[in-house]
Amino acid sequence: LSRFAVLPNPVDLPESVSSIDQREQRILNVGTLGAKKNQQSLIQTFAACESPSGWSLEFVGDGPDRPALEGLCDRLGLDDSVRFLGQRSDVSDLLHDSRIFAFTSLTEGFPNALAEAMAAGCACISYDCPTGPSELIEHGVNGFLVEPGDEVEYRRLLQQLIDDADLRARFSHNARKSMERFEAGVVMDKLEGMIEEVIDGKRVNGFSFSD
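Structure report, in brief. Remember, predicted model here, so these are calculated numbers, not experimental data.

**Side note on the packing of helix α1 (residues 39–48) against helix α2 (residues 66–75)**
Here comes step 1: At their nearest, the axes of α1 and α2 sit 10 Å apart, and the two run at 15° to each other. Considered as vectors, α1 and α2 are oriented roughly parallel to each other. α2 is crossed by α1, and the crossing has right-handed handedness. Seen from α1, the contacting residues are Gln 39, Gln 40, Ile 43 and Gln 44; seen from α2, they are Leu 69, Leu 72 and Cys 73.

Structure (structure tokens):
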């Protein structure tokens, strides 16, 4: 029996959230601007979408790629619809007031930003990068998963989220429901059960072990 087990990060699950279509027509992305976060792809995808008047793409976070990303927006004529908010202390409020959360990372561990967006009831779309998003999103049920690098499909599905209010509402409801298994109390109960079973010398059910 290995000494190692896999526990998910706990997620704060609010008791209630506002109806998704009472929120701002905002597509939100949260993360470092650079490295493997791939925000350039999201900007280009948003530029290719037929967005109804009023929709915006907003980035929370900062990083080395910000000047290049701002330059890209300028070249694409997106200055009025793409905003860079920098580091914020009100990320939770922004998530709760956004309709769509768009995640474009090329690699992740456990994607906390995506988990928090789902808990907040955002309609989410993500590349199915290694690792993490597929542990949270069941494609077509509580969000969209797209093969990494398939920008055409990502644009098609993002457009669908922009256009389809019923789909957004369904994803919002199902995302919050699916995040109950990551709620802090549930994770702590699993941890306590794991400790008790290890002390008793038993195999721990529900966790992955390696020899």
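Once you've had a look at it, read on.
**Notes on the environment of His 173**
Here comes step 1: The residue His 173 is located in helix α7 (residues 165–178) in this model.
Here comes step 2: His 173 gets classed as exposed once you look at its relative accessible area, which sits at 55%.
Here comes step 3: Separated by 153 residues in sequence, His 173 and Ile 20 have C-alpha atoms that sit 9.2 Å apart.

**Looking at the packing of α1 against helix α6 (residues 151–163)**
Here comes step 1: At a minimum axis separation of 9 Å, α1 and α6 run at an interaxial angle of 55°. Of the possible angle classes, the one that applies to α1 and α6 is oblique. Here the hand of the crossing between α1 and α6 comes out right-handed. On α6, the residues touching Ser 41, Leu 42, Gln 44, Thr 45 and Ala 48 of α1 are Glu 151, Tyr 154, Arg 155 and Leu 158.
Here comes step 2: Here the contact of α1 with α6 is built from residues that sort into four nonpolar, three polar and two charged.

**As for the environment of Glu 180**
Here comes step 1: Relative to the helices and strands, Glu 180 resides in the loop between α7 and α8 (184–199).
Here comes step 2: We classify Glu 180 as partly exposed; its relative accessible area is 37%.
Here comes step 3: Distance in space between the C-alpha atoms of Glu 180 and Ala 119 is 8.3 Å, their sequence separation being 61 residues.

**Things to note about α6**
Here comes step 1: Taking 1.5 Å of rise per residue, the 13 residues of α6 would be expected to cover 18 Å, and the 18 Å separating its terminal C-alpha atoms lies within 8% of that figure.
Here comes step 2: When we look at burial in α6, the residues that qualify are Tyr 154, Leu 157, Leu 158, Gln 159, Leu 161 and Ile 162.

**Observations regarding the pairing of strand β3 (residues 82–86)**
Here comes step 1: Along β3, the buried face is formed by Val 82, Phe 84 and Gly 86; none of Arg 83 and Leu 85, which line the opposite face, is buried.
Here comes step 2: Bridge count between strand β2 (residues 56–60) and β3: four bridges; the pairing is parallel. Its bridge partner lying in β3, Leu 57 is registered against Val 82.
Here comes step 3: You can see the chain leave β2, run along α2 and come back into β3, and the turn it takes is right-handed.

The rules behind these values
- Residues numbered from 1 in each chain as written.
- Predicted model: local features only at pLDDT ≥ 70, side-chain atom pairs only at ≥ 80, totals over all residues.
- Heavy atoms only, no water.
- Axes fitted to C-alpha atoms, helices over the stretch in contact; angles between N-to-C directions.
- Helix = DSSP H or I, 4+ residues; strand = E, 2+ residues; numbered from the N terminus.
- Parallel < 35°, antiparallel > 145°, perpendicular 65-115°, else oblique.
- Left-handed = near helix turned anticlockwise from the far one by under 90°.
- Contact = heavy atoms within 4.5 Å.
- Buried < 20%, exposed > 50% of the residue type's maximum accessible area, 1.4 Å probe, protein only.
- Nonpolar A, V, L, I, M, F, W, Y, C, P; charged D, E, K, R; others polar.
- Expected span 1.5 Å × (residues − 1).
- Pairing = 2+ DSSP bridges.
- Right-handed = clockwise from strand over helix to strand, strands pointing away.

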